[in-house]
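A look at the structure
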Amino acid sequence: MRMCDACGIREARVLQRHSGRALCSECFTKDIAERVRREVVRYSMFSPSERLLLALSGGKDSFVLMEVIREIHDISKTGVVTVVEGIEGYNREEDLEWLREGSRAYGIDLHIVTLREFTGYRLDDVVKLSSARGLGVSPCTYCGVLRRRAINYVARLHGYDKVLTAHNLDDEVQTSLMNLLRGDTARLIQNHPLSPTLSRYFVKRVKPLRKVYEWETSVYAYLRDFKFQGAECPYITSRPTLRAELRDYLYEVELSKPGTIMRMLEAVDSYVERVLLGRASQLPELPQCEFCGSPTAYGRRLCATCDLLSRLGILKAIPY
Ligand code: SF4
Ligand code: ZN
Ligand code: ZN
């Protein structure tokens with residue numbers, strides 16, 4: 001029997017291949033909380049006095065974020081938002097149940113927003129309209145843009161200082177590589193935790209789990225006996241192929257050389273910090289959308305939401 005390399009008193013249950021250590025359940029979950037705490041401090045993601053809004057989908061990463069934040073932040077300054085997209089066959093009711101129970105048990109405000117109430121349309125309606133018009137826009141694009149909008153709206157409405165999402169290390173490395181491959185420096189900067197918020201109408205988003213492997217969130221959830229719904233979104237196959245390909249590739253690389261993707265993210269971070277961030281600090285405030293007033297990218301007349309809605313023929317001003 002191998003004993004835990006950290007405490008030496010309990011039996012090891014998890015082999016952390018990137019660090020070469022075997023850890024017991026307690027030391028493994030403690031290690032994750034400690035690494036998240038360090039990342040939060042390193043990049044000043046939030047301060048003890050700030051009110052945090054956790055944007056959660058209900059899966060295992062959401063569970064880990066909620067647990068870790070409970071350990072490292074004042075829970076009375078924390079709220080949760082979840083967006084119900086309106087996708088047939090992707091019943092998130094059970095996922096919502098633990099969010100409801102957890103929020104009740106910890107006394108956290110839970111904001112549930114449905115895309116139907118927020119925009120007047122369920123995601124399924126939007127996808128149907130889009131294919132009827134032959135727009136060739138992926139469901140995930142609509143989903144991402146509308147969800148982001150709803151979350152920012154809730155954060156502003158209730159005066160939260162930061163929005164926290166549960167993206168893990170694997171998500172972050174895929175996103176960084178996609179941006180690098182496309183040569184999209186603006187996105188590369190935006191994705192860095194120190195990137196400036198370019199509009200006073202945007203609540204800063206941070207990703208405290210960005211240095212936690214996806215397998216670690218699965219093991220953490222399993223060790224804490226978290227039961228999550230395995231239902232998969234039917235639109236998952238329409239996700240960008242580049243991301244899916246990078247995911248498979250990175251998995252192989254990590255398998256043969258544990259720790260590689262952690263080092264990749266650190267290398268990207270350091271490149272952005274040394275070379276790109278300085279330029280970003282001189283950028284002016286983002287312009288506002290001519291139709292709804294929401295911030296939009298430089299040089300654009302309409303924001304992403306209005307652009308998509310107008311192409312669908314259902315343009316109306318959605319709050320931000
Ligand atoms: Fe939304 Fe795409 Fe995720 Fe489905 S797979 S929930 S459409 S982002
Ligand atoms: Zn231990
Ligand atoms: Zn707009």
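Residues numbered from 1 in each chain as written. Chains lettered and ligands numbered in written order. Predicted model: local features only at pLDDT ≥ 70, side-chain atom pairs only at ≥ 80, totals over all residues. Heavy atoms only, no water.

1. Focus: the nonpolar core
Core analysis: the biggest nonpolar cluster contains 36 residues, and V36, F46, L54, L65, V68, I69 and L164 have the highest contact counts within it. Looking at this core, the elements with two or more residues in it are α1 (25-42), β3 (52-55), α2 (60-72), α3 (93-106) and α9 (214-223). Of all the elements, α2 adds the most residues to this core, at seven residues. Sequence-distant contacts of L65, defined by excluding residues within four places in its chain, comprise L54, L56, L164, T165, A166, P208 and L209. Core analysis: the next-biggest nonpolar cluster, separate from the first, contains 31 residues, V126, V145, V203 and L312 among them. (Core = buried A, V, L, I, M, F, W, Y, C linked by side-chain atoms within 4.5 Å. Buried < 20%, exposed > 50% of the residue type's maximum accessible area, 1.4 Å probe, protein only. Helix = DSSP H or I, 4+ residues; strand = E, 2+ residues; numbered from the N terminus. Contact = heavy atoms within 4.5 Å.)

2. As for the environment of L123
Within the secondary structure layout, L123 lies in helix α5 (residues 123-132). Residues L123 and S270 lie 147 residues apart in sequence; the distance between their C-alpha atoms is 38 Å.

3. Section: unusual backbone geometry
Non-glycine residue S44 carries a positive phi angle of around 40°. For S44, the position within the fold is in the loop between α1 and β3. According to the relative accessible area criterion, S44 is exposed, its value standing at 57%. A positive phi angle, close to 65°, is found at D225, a residue other than glycine.

4. As for the coordination of the zinc ion (ligand 3)
Protein ligation of the zinc ion (ligand 3) involves C289 (SG), C292 (SG), C303 (SG) and C306 (SG), the donor distances falling in the range 2.2 to 2.3 Å. Of note is the zinc ion (ligand 3), whose four donor atoms meet at the metal with angles of 104 to 115° in an arrangement that counts as tetrahedral. (Donors = N, O, S within 2.8 Å, 3.2 Å for Na, K, Ca; no water. Tetrahedral: all angles 85-135°; square planar, octahedral: opposite > 155°, others 65-115°.)

5. Quick look at the layout of surface pockets
A volume near 380 Å³ is recorded for the second largest pocket. Forming the walls of the second largest pocket are 15 residues, and the residues nearest its centre are D170, Y213, W215, Y251 and E254. If you list the elements that add at least two residues to the lining of the second largest pocket, you get α7 (169-182), α9 and α10 (241-256). A total of five residues in the lining of the second largest pocket trace back to one element, the largest contributor, which is α10. Here the lining of the second largest pocket is built from residues that sort into seven nonpolar, three polar and five charged. (1 Å grid on protein atoms, 1.4 Å probe; cavity = no way out; pocket = protein on both sides within 12 Å on 5 of 7 lines; lining within 4 Å. Points joined across faces, edges and corners; volume = space filled by probe spheres on them. Nonpolar A, V, L, I, M, F, W, Y, C, P; charged D, E, K, R; others polar.)

6. Considering the coordination of the zinc ion (ligand 2)
Distances from the zinc ion (ligand 2) to its protein donors, C4 (SG), C7 (SG), C24 (SG) and C27 (SG), fall at 2.3 Å. One way to put it: the four donor atoms around the zinc ion (ligand 2) meet at angles of 100 to 117°, and that makes the site tetrahedral. All donors to the zinc ion (ligand 2) come from one chain, and their sequence spacing reads C-x2-C-x16-C-x2-C. Judged by its relative accessible area of 4%, C4 is buried.

7. Notes on the packing of aromatic side chains
Aromatic ring pairs: the centre-centre distance and the angle between the two ring planes describe each pair. Overall, the coordinates contain seven aromatic pairs when judged by the stated rule. On the numbers, 5.5 Å between centres and 40° between planes, the contact of F118 with Y153 is tilted. Taken as a pair, F118 in helix α4 (residues 115-119) and Y153 in helix α6 (residues 139-157) lie far apart in primary sequence, 35 residues in all. On the basis of relative accessibility, which here comes to 10%, the residue F118 falls in the buried class. Three or more aromatic residues joined by ring pairs make a cluster, and in this case those are F28, Y213 and W215. Positioned above the aromatic ring of Y160, the side-chain terminus of R51 is 4.3 Å from the ring centre. (Phe/Tyr/Trp six-rings, centres within 6.5 Å; stacked < 30°, edge-to-face > 60°. Lys NZ or Arg CZ within 6 Å of the ring centre and 35° of its normal.)

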